[in-house]
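Single-letter residue listing:
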Amino acid sequence: MKAIRIHTSDNVAVALAPITNGEIVQIGEISVKASENITIGHKFALKTIKKGEEIVKYGYPIGKAKEEIAAGSWVHTHNTATGLSEEAEYRYEHKVFPMPEAEERHFMGFLRKDGRAAIRNEIWIIPTVGCVNGAAKLLEKEGNAMLKGSLSGVYAYTHPFGCSQMGDDHAQTRKLLAALAKHPNAGGVLILGLGCENLTMEQFKAELGSWDEERMKFLVCQEAEDEIEEGKKLLSELISAAAGDVREEIPASALVIGMKCGGSDGLSGITANPAVGRFSDRLIAMGGSTILTEVPEMFGAEKILFDRCESEEVFHEAVRMVEEFKKYFTDHGQVVYENPSPGNKAGGITTLEDKSCGCVQKGGSAQVVDVLGYGDRVTKKGLNLLSGPGNDLVSATVLAAAGAHMVLFTTGRGTPFGSPAPTLKIATNATLAEKKKNWIDFDASPIAFGEDPDETGKRLLDLVLEIANGKQTKTEEKNYREISIWKDGVFL
């Protein structure tokens, strides 16, 4: 199969293999002669598309023709314009789709005192301010030398913020770091402050609200004669408290899985993202939770999600999330459609609508049960929408802060980064999966050549449960772990 027409109403098809000028391509009952070379992942017209006519892919408009496009012609940025604007009106038109039958699956995880499950038992060091990053990294090294029992590592999550920030920006940093500190994968946490920063330890404790004194310790470096020696003592206490934790059988319904994409290509919405969507539906049918973020990559496809909001109240919250993000763009003098990236375009994605319609495939068919603000944590079972930007590290960080045990990251171009939660990389195409075996955990490309996406989703579920049982992702093997905090305000 050389090309695929994703939806019966589409007037374009996507090349699954290179197509040469003059080649006849058969797609169902439609036969098209290519009028130029078409690269894998790129689109070509199935019929003549008149100037100003909508270009349809996934059954939805992804832009408008800048000029008449003849059948067999390459359809991309040179002849396609976005149809998006900053203004849009939405109506609640509730739709419910069939879900998979519930399975009874389990994983071997750690059960915390508060009843939450964990898939890792780690010690985390969280600086309240960038000034103590060096001390945090040194304590990470010292802590790893003291490891014992079921603990798999000590990890410091450094960042440049926590001081010289004001208002909402300051509050956002505090909220995000406090949410990370309560992640279930952290069997013990050392909060490391300086002593003169804006984000005081008192503020941080107020944001936490409550904590387990055996599992969370606090150190203000200016108050210690030797902060490294004092930090080692506190780490020793945390390690002793968590080292005896053991894995036990836990229902898969306890899992919370984050979903995002990055370095997308023309196959993202055909292979990897639908595979994640099928996985999401299966996990939700079992009683589990998934999280979809990257709000700017919902623009142009938001109605697909809005129509699946389980109630009008959730619908209004979802609309508010999207509208607030559009305002964020316009307040900074930016248009909402300045996307996709150069790499996306090289991979075959033409407009933001094109990118978004592929992006939201990760949400499957489930009902949207809740809409979370930046730094909020998941409280409801099912599909959650989370406010956050498209930036890979920022959005992966906020997924972890929301309580995601693991992040599923689909990519057509590839990237090595990892978040605080195990980050499982899913390739959209076989070339990437073969070339970057040191990055990629799962190959979703068989969908493009006939594998049922439901079967791919089942394979992905099996791998997710293996990772939950303790198998390391490629990013974990290399200890690629970082955080990035969304900054919007001014620095003092």
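Residues numbered from 1 in each chain as written. Predicted model: local features only at pLDDT ≥ 70, side-chain atom pairs only at ≥ 80, totals over all residues. Heavy atoms only, no water.

### Here's the deal with helix α1 (residues 133–144)
Taking 1.5 Å as the rise per residue, α1 with 12 residues should run 16 Å; its terminal C-alpha atoms sit 17 Å apart, in good agreement. For α1, the full list of buried residues reads Asn133, Ala135, Ala136, Leu139, Glu140 and Gly143. Relative to the axis of α1, the buried residues are bounded by an arc of 155° and lie together on one face. Turned more than 90 degrees off the buried face of α1, the exposed positions are Gly134 and Lys141. (Helix = DSSP H or I, 4+ residues; strand = E, 2+ residues; numbered from the N terminus. Expected span 1.5 Å × (residues − 1). Buried < 20%, exposed > 50% of the residue type's maximum accessible area, 1.4 Å probe, protein only. Arc of directions from axis to C-beta.)

### Thoughts on the packing of α1 against helix α4 (residues 227–242)
At a minimum axis distance of 10 Å, the contact between α1 and α4 shows a crossing angle of 50°. Taken as axis vectors, α1 and α4 run oblique relative to one another. Crossing of α1 over α4 shows right-handed handedness. Note on element contacts: α4 touches α1 through Glu227, Ile228, Gly231, Lys232, Leu235 and Ile239, opposite Ala135, Leu138, Leu139, Glu142 and Gly143. When its residues are assigned to classes, the contact of α1 with α4 shows 6 nonpolar, 2 polar and 3 charged. (Axes fitted to C-alpha atoms, helices over the stretch in contact; angles between N-to-C directions. Parallel < 35°, antiparallel > 145°, perpendicular 65-115°, else oblique. Left-handed = near helix turned anticlockwise from the far one by under 90°. Contact = heavy atoms within 4.5 Å. Nonpolar A, V, L, I, M, F, W, Y, C, P; charged D, E, K, R; others polar.)

### Quick look at the sheet that holds strand β13 (residues 154–156)
Here we have 4 strands laid out as an open sheet, ordered β13-β12-β14-β15, and parallel in their pairing. Edge positions in the sheet fall to β13 and β15 (216–220), since each of these pairs with one other strand and no more. Strand after strand, the sheet turns through a mean of 20° between neighbouring axes, direction not considered. Along the sheet face, α1 touches β12 (122–127), β13 and β14 (186–193) and points at about 175° away from the line of β13. Packed on one face of the sheet, α4 meets β12, β14 and β15 and runs near 180° to β15. (Pairing = 2+ DSSP bridges.)

### Examining the pattern of salt bridges
The final tally for this structure, using the stated rule, is 38 salt bridges. Residues Arg105 and Asp462 are paired through a salt bridge, measuring 2.9 Å at the closest nitrogen-oxygen approach. Of the two residues, Arg105 sits in the loop between β9 (80–81) and β10 (106–111) while Asp462 sits in helix α12 (residues 453–469), which places them 357 residues apart along the sequence. Residue classification places Arg105 among the partly exposed positions, given a relative accessible area of 26%. Asp462 gets classed as partly exposed once you look at its relative accessible area, which sits at 35%. (Salt bridge = Lys/Arg side-chain N within 4 Å of Asp/Glu carboxyl O.)

In short, the description is geometric, and any link to function would need to be established separately.
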